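Structure assessment
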Amino acid sequence: MTKEKIRLSKKLLPRILIGVPTYDGKNYCLDAFMDNISKFTYPKSRLGIYIADNSKDNKNALMINNKFGVKCFWRDYTGYKVHEKLADSHNQLRRYCIDEGYDYLLHLESDVFPPHDVIEQLLWARKPIVCALYQIFDGAWRTPCLKLVDNKHELSKDFRWYSDLTNFHHWFVDGTIKETHIAGIGCALMKKKVCENFPFRWDEHIYIPPDSFFAGDLESAGVQNWVHTGVLAFHWNKEDWGRHSELIKYHKSE
């Protein structure tokens, strides 16, 4: 293939925004995270990066912009509820994807490290939304971050039931693309239409995070959520889920 044909073929590739919600508590892995993104094999000319920082002040957003040359949104969230703040951060990424004319949003949490060909792999799935597989918790309890639809007896179908894989998940991870209710949004590739039609939301009376509302809204509209069990991402979370991170050192192949 000639250089001209290669150049033209790259122009036909979809434009993809890597949208990253973060805050200063994730800076323990910021350098490694940005280094990992820089090694993505998808053509750089078709990629964009946009970060939504929800730290208590704008110092972290300015640091990210100055150090890495990446556009970084910040808003004063004083007085916001936790889920309200998270929903707004996610929506900032979603709106930027739409307004700037990107074809896909790769919603990537700042402590999730997918393989370098993650975009090609998830694009290959040809789904409106498909997620990479990563784990939560720690030690022997590390388990895939997903919930499956539990198909109960037909007499129970008035209600929707969901099941976790806990740490008994090896039968599920076989390299194929599978239906799921939710696989987290830590590494999720979604088409522009999904961004346009499904905003992230929260409810002050129901303690459910925005990603759970998002999954429920997809399901209610008949949009299937998928997980690619052949795309395994390392989750370097020292807080929230990683309760014993100071005692347990994980290798990124885990």
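Now for a quick tour of the structure. (Residues numbered from 1 in each chain as written. Predicted model: local features only at pLDDT ≥ 70, side-chain atom pairs only at ≥ 80, totals over all residues. Heavy atoms only, no water.)

1. Brief notes about the sheet that holds strand 1 (residues 16-22)
Read across the open sheet, the eight strands follow the order 3-2-1-4-12-6-13-11; overall the sheet is mixed. Unpaired on one side and paired on the other, strand 3 (71-74) and strand 11 (177-180) mark the two borders of the sheet. Direction aside, the axes of adjacent strands within the sheet are offset by 25° on average. Summarising the sheet, strand 1 and strand 4 (residues 104-108) pair through four bridges and their orientation is parallel. Directly across from Gly19, in strand 4, lies its bridge partner His107. (Pairing = 2+ DSSP bridges. Helix = DSSP H or I, 4+ residues; strand = E, 2+ residues; numbered from the N terminus. Axes fitted to C-alpha atoms, helices over the stretch in contact; angles between N-to-C directions.)

2. Topic: the packing of aromatic side chains
With the rule as written, the count across this model stands at eight aromatic pairs. Measuring from centroid to centroid gives 6.2 Å for Phe113 and Phe234, while their planes differ by 55°, and the two rings are tilted. Note that Phe113 is positioned in strand 5 (residues 112-113) and Phe234 in strand 14 (residues 234-235), a separation of 121 residues in sequence. Assigned by exposure class, Phe113 and Phe234 land together as buried. Here the aromatic rings of Phe234 and Trp236 are separated by 6.4 Å at their centres, their planes lie at 50°, and the arrangement is tilted. Residue classification places Phe234 among the buried positions, given a relative accessible area of 4%. What makes Trp236 partly exposed here is its relative accessible area of 26%. Taken together, the ring pairs connect Tyr28, Phe33, Phe113, Phe234 and Trp236 into an aromatic cluster. Note that Arg15 overlies the ring of Tyr102, its terminal NZ or CZ placed 4.1 Å from the centroid. Sitting above the plane of the Trp226 ring, Lys127 keeps its charged end 3.8 Å from the centroid. (Phe/Tyr/Trp six-rings, centres within 6.5 Å; stacked < 30°, edge-to-face > 60°. Buried < 20%, exposed > 50% of the residue type's maximum accessible area, 1.4 Å probe, protein only. Lys NZ or Arg CZ within 6 Å of the ring centre and 35° of its normal.)

3. Here's the deal with the pattern of salt bridges
Under the defined criterion, the tally for this structure stands at seven salt bridges. In this structure, Asp111 engages Lys26 in a salt bridge whose closest nitrogen and oxygen atoms are separated by 2.7 Å. With Asp111 in the loop between strand 4 and strand 5 and Lys26 in the loop between strand 1 and helix 2 (30-38), the pair connects residues that are 85 residues apart, well separated along the chain. Both residues of the pair, Asp111 and Lys26, count as buried. Here Asp35 makes a salt bridge to Lys39, at a shortest N to O gap of 3.1 Å. Here Lys39 falls in the partly exposed class, since its relative accessible area comes to 43%. Linked through salt bridges whose partners overlap, the residues forming this network are Arg75, Asp88 and Arg95. (Salt bridge = Lys/Arg side-chain N within 4 Å of Asp/Glu carboxyl O.)

4. Some points on the packing of helix 2 against helix 3 (residues 59-68)
Remark: helix 2 packs on helix 3, axes separated minimally by 13 Å, with the N-to-C direction vectors making an angle of 45°. It follows that helix 2 is oblique to helix 3 by the angle criterion. For helix 2 against helix 3, the interelement crossing comes out right-handed. Between helix 2 and helix 3, the contacting residues are Leu30, Asp31 and Met34 on the first element and Met63, Ile64, Lys67 and Phe68 on the second. Along the lines of polarity and charge, the residues of the contact of helix 2 with helix 3 split into five nonpolar, no polar and two charged. (Parallel < 35°, antiparallel > 145°, perpendicular 65-115°, else oblique. Left-handed = near helix turned anticlockwise from the far one by under 90°. Contact = heavy atoms within 4.5 Å. Nonpolar A, V, L, I, M, F, W, Y, C, P; charged D, E, K, R; others polar.)

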